[in-house]
Amino acid sequence: GSAECIGRFYRDVFGAPSTLSNGKELPSVRINVGVNQALVFQETSDEIPAYDGHHIAIYTSNFSGPYRFLKARGLVTEEIQNHQFQNTVRDI
């Protein structure tokens, strides 16, 4: 039951349009993040393994908006360094 929330997060925080799908499989959400680029989150009924440190980098033209949103909620796990900050999606 997370696909809709993930799409809303990327839409509200980064301004990235998303599309929710409820096809034959479990729900998924496609977030448009650039020209011909998308993040696709597919829900699963499998047990989720422990976080192993994997990550993605998101480049944004609005750095301060997402940073303020995450910082206000205590979700920044590494402070600004070289124009970047980190948070862990599992905490959102």
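Chains are numbered independently. Their residues run from 1 in the order of the written sequence. In view of the model being predicted, local features appear only for residues whose pLDDT reaches at least 70, and side-chain atom pairs are presented and counted only at 80 or more, with totals across whole chains, interfaces and linings using the full set of residues. Side-chain metrics in this entry use all non-hydrogen atoms of the structure; hydrogen atoms and water are not considered.

Even after reading the chapter, I still don't get the nonpolar core, so can you show me in this structure?
Where a protein is soluble and globular, its nonpolar side chains tend to be buried together. Counting residues in each nonpolar core, the largest one holds twelve residues, listed as Ala 3, Phe 9, Tyr 10, Val 13, Ala 16, Val 29, Ile 31, Leu 39, Tyr 67, Leu 70, Leu 75 and Val 76. Each helix is a run of H or I in the DSSP string that is no shorter than four residues. Each strand is a run of E no shorter than two, and both are numbered from the N terminus. Within the residue set of this core, elements represented by two or more residues are helix 1 (3-14), strand 2 (28-34) and helix 2 (64-72). Here this core gets four residues from one element, more than from any other, and that element is helix 1. Each nonpolar core is a collection of buried residues, namely Ala, Val, Leu, Ile, Met, Phe, Trp, Tyr and Cys, held together in the definition by side-chain atoms within 4.5 Å. Whether a residue is buried, partly exposed or exposed follows from its accessible area with a 1.4 Å probe, protein chains only, as a fraction of its type maximum: under 20%, in between, or over 50%, in that order.

What's the story with the sheet that holds strand 1 (residues 18-21) in this structure? I'm lost.
Hydrogen bonds between backbone groups are what pair the strands of a sheet, and the pairing can be parallel or antiparallel. Overall, antiparallel pairing links the three strands, which are arranged 1-2-3 in an open sheet. Both outer strands of the open sheet, strand 1 and strand 3 (37-42), are each paired with one neighbouring strand and no more. Going from strand to strand, the sheet's axes swing by 20° on average, the running direction of each strand aside. Any two strands between which DSSP finds at least two bridges are classified as paired. Where strand 1 meets strand 2, four bridges bridge the pair, whose relative direction is antiparallel. Counted as the bridge partner of Ser 18 is Ile 31 from strand 2. In this fold helix 1 packs onto strand 1, strand 2 and strand 3, with an angle of close to 20° to the strand it touches most, strand 2. Every angle, taken between N-to-C directions, lies between 0 and 180 degrees, and every axis is a line fitted to C-alpha atoms, over only the stretch in contact when it is a helix. Throughout, a contact is declared for two residues whenever any of their heavy atoms are within 4.5 Å.

Just checking my understanding: could you explain the side chain of Ser 28 for this structure?
Topologically, Ser 28 is positioned in strand 2. For Ser 28, a relative accessible area of 12% corresponds to the buried category. Excluding its chain neighbours within four sequence positions, the residues that come into contact with Ser 28 are Ala 3, Thr 19, Leu 20, Ser 21, Phe 41 and Gln 42.

How do you make sense of unusual backbone geometry when you look at a structure like this?
Most peptide bonds take the trans form, and the phi angle of most residues other than glycine is negative. If you check the backbone angles, Asn 36 has positive phi at about 55° while not being a glycine. Summarising the element assignment, Asn 36 is placed in the loop between strand 2 and strand 3.

Hey, could you run me through helix 1 in this one?
Each α-helix winds once per 3.6 residues, and so residues spaced three or four apart point in a common direction. Taking 1.5 Å as the rise per residue, helix 1 with twelve residues should run 16 Å; its terminal C-alpha atoms sit 16 Å apart, in good agreement. Buried within helix 1 we find Ala 3, Gly 7, Phe 9, Tyr 10 and Val 13. Seen along its axis, helix 1 keeps its buried residues to an arc of 155°; they face one direction. On its buried side, helix 1 packs onto strand 1, strand 2, strand 3 and helix 2. Trailing helix 1 by a residue or two, Gly 15 shows a phi angle of about 70°, which is positive. Here, expected helix span is obtained from the residue count minus one, scaled by 1.5 Å. Here the arc refers to the set of directions running from the helix axis out to each C-beta atom.

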